[in-house]
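Chain and residue survey
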Amino acid sequence: STLDRSSAASDVYKRQPEPSPGAPKMIWLLLACNQDAAQDSDTGKSVAWSASRPRLNHAIGEARWYRTIVHLHSPFSHDACDGEGWSEAEGVDLACLADLRVGLCNNGIDAAFLTDHPSHAAEQPFLDMRHLEEGDRDLGAGAGWACADGTETAVWPGFEDELMPVGLSEPLEDTALYSSGSPEAIASLNAAGAIVLSAHPEGRSREQLLERQAAGAAGFEIFNLHAMFAPDIRSEDLGLDAWSWTSDIAPFTNPNASAEPDLFFLAVHGDQAPSLEHFDALSQLAHTVGVAGTDAHQNVLNMELRDGERADSYRRMLSWFSNWVVAESAQDIQSGLGGGNVAVVFESLGTPASLELLLSGQPPGNSVSTGTLQLPCLALAPTSPRGEEDPVIEAFVLKDGQPFAQGCGTHEITEPGVYRVRYSITPWHLEPFLGEDPAPYLREYTWILSNPWWVQ
């Protein structure tokens, strides 16, 4: 049955179900609450659910968008693939690596910036971190991983510890610096060609992030997936209930229910206010890059869902969101990321048909003069899964972190400041995929977050 939007009311839209990956596996077994299947019928304009996505072909000005993953662990991380991704005796677990490669290819990811933990990754020959295989393309410090459909995903090595340097072009002689957050480490990583980021800013002080910015760090995560699942981070850093999400996730995990398993992300999706507040504050002081971190390890939720995949498969987690990066060619993705020419897009809620975000003719991440902000009225891409209803999409402009304007179209920017854009979506189009009780998930979510423009 179709919900009456007028009766869905504020209680539905104000619900904020929350997430957490560090949960004990026993908790996940408790998630199979009593939910029976109820399948909505498709209509002529419906698009069936798909476990894969076509590559982006979205123009922006003279360039285009590239779908990019930041914060991703290969088998060289000590805790990847249930801790079995690599062993001294056997080397790389090929099944783990195959899952990662398929996850990237099936989701049409153009570039992935690996962020392996120094243990075991720093112990490997630097070029081995590319996991180059027969049929791949040698990109120097990176590799073009070949996909079955003839496309490729560019993969670049990096680390995650105190800092998260991505896109290294050469290794550091002092590997201890991979585990340091010192100014010396930031300087050395910048010299090695890395974009120096910080993971998990929700647990860091403003002072520490300012010190890193002053030392040459480029930015930090404005969303981290692991933070939305881990009970300690939720309660201590995000001010959320540690376990409130467990009942909301049941329709997606219960083998007798009907909600699409890939959509269990909706039960945990929400803004990470501490990180966004850091971002707005630091952006007013200097150029700051904000990214969303997928943080996929395939090591937490080893339970099979109705679609035959484990809950935390690389393929599933890589489908939920990505960093869309503006570049003139695939070879320029790294410079686009480092320049903050980025919008975070939560494609679990749908893929936009276009995203022509321009201020004074420039994409996000640029310093510009006052002028016209072009804020397109968005629709879903023709291939994006959907039922017969249309989503409700709203556009917002923030100036210096505060509400400035609302509505798609054009906005005249006449005052200096730091401007960024947020799109929200209420996913009525996903109702057929949300099981017998879709109401809790038919609420407003953040769909797109742009990096800022600095208006002089």
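Quick caveat, the model's predicted, so the values are computed rather than measured.

Extensive coverage of helix α11 (residues 273-283) is indicated by the burial of eight of its 11 residues. Taken together, the buried positions of α11 are occupied by Pro274, Ser275, Leu276, His278, Phe279, Asp280, Leu282 and Ser283. For α11, the secondary structure elements touched by its buried residues are α6 (206-215), β11 (219-224), β12 (289-296), β21 (417-426), β22 (445-450) and β23 (453-455).

Bringing the side chain of Thr351 into the picture now. Position of Thr351 relative to the elements: it lies in the loop between β14 (342-345) and β15 (358-359). Here the side chain of Thr351 touches Glu347 through a polar contact of 2.5 Å, side chain to side chain.

Attention shifts here to the pattern of salt bridges. On inspection of all chains with the given rule, the structure shows 19 salt bridges. In this structure, the salt-bridge partner of Asp110 is Arg55, at a minimum N-O distance of 3.3 Å. Taken together, the residues Asp110 in the loop between α3 (94-106) and β5 (111-114) and Arg55 in the loop between α2 (25-29) and β1 (59-60) connect sequence positions 55 residues apart. A relative accessible area of 11% means that Asp110 is categorised as buried. On the basis of relative accessible area, Arg55 is assigned to the partly exposed category, the value being 23%. Notably, a salt bridge pairs Asp312 with Arg310, separated by 2.5 Å at the nearest N-O pair. For the pair Asp312 and Arg310, one class covers both residues: buried. It is possible to trace a salt-bridge network through shared partners that takes in Asp262, Asp307, Glu309, Arg315 and Arg316.

The next subject is the sheet that holds β15. The strand order across the open sheet formed by three strands is β15-β17-β20, and the pairing between neighbours is antiparallel. At either margin of the open sheet sits one strand with a lone partner, and together these are β15 and β20 (409-413). Here two bridges tie β15 to strand β17 (residues 371-375), and the two strands are oriented antiparallel to one another. Residue Leu358 lies in a different strand from β17, and its bridge partner there is Gln374.

Formed by 90 residues in total, the largest nonpolar core has its most connected members in Leu72, Leu104, Phe264, Tyr314, Leu355 and Tyr423. Apart from residues no more than four positions distant in its own chain, Phe264 is found in contact with Phe229, Ile249, Phe252, Leu301, Leu305, Ala311, Arg316 and Trp320. The next biggest cluster of nonpolar side chains, apart from the first, holds 38 residues, and it includes Val70, Met129, Phe159 and Ala199.

With respect to the helices, strands and loops of the structure, Asp232 is situated in helix α8 (residues 231-236). Remark: the alpha-carbon pair of Asp232 and Asp174, spanning 58 residues in sequence, is separated by 33 Å.

Our focus in this paragraph is unusual backbone geometry. For residues besides glycine, phi is generally negative; the peptide bonds are generally trans as well. Geometrically, the link from Ser119 to His120 is a cis peptide bond, its omega value of 15° lying close to zero. Residue position: His120 is located in helix α4 (residues 118-121). Its identity as a non-glycine residue notwithstanding, His131 has a phi of 55°, on the positive side. With respect to the helices, strands and loops of the structure, His131 is situated in the loop between α4 and β6 (137-139). Its identity is not glycine, yet His200 carries a phi of approximately 50°, on the positive side. Of note, His200 is situated in the loop between β10 (195-198) and α6.

Rules of the game
- Residues numbered from 1 in each chain as written.
- Predicted model: local features only at pLDDT ≥ 70, side-chain atom pairs only at ≥ 80, totals over all residues.
- Heavy atoms only, no water.
- Buried < 20%, exposed > 50% of the residue type's maximum accessible area, 1.4 Å probe, protein only.
- Helix = DSSP H or I, 4+ residues; strand = E, 2+ residues; numbered from the N terminus.
- Contact = heavy atoms within 4.5 Å.
- Polar contact = N/O pair within 3.5 Å; in protein donor to acceptor, adjacent residues only side chain to side chain.
- Salt bridge = Lys/Arg side-chain N within 4 Å of Asp/Glu carboxyl O.
- Pairing = 2+ DSSP bridges.
- Core = buried A, V, L, I, M, F, W, Y, C linked by side-chain atoms within 4.5 Å.

Read these as geometric descriptors, not functional statements.
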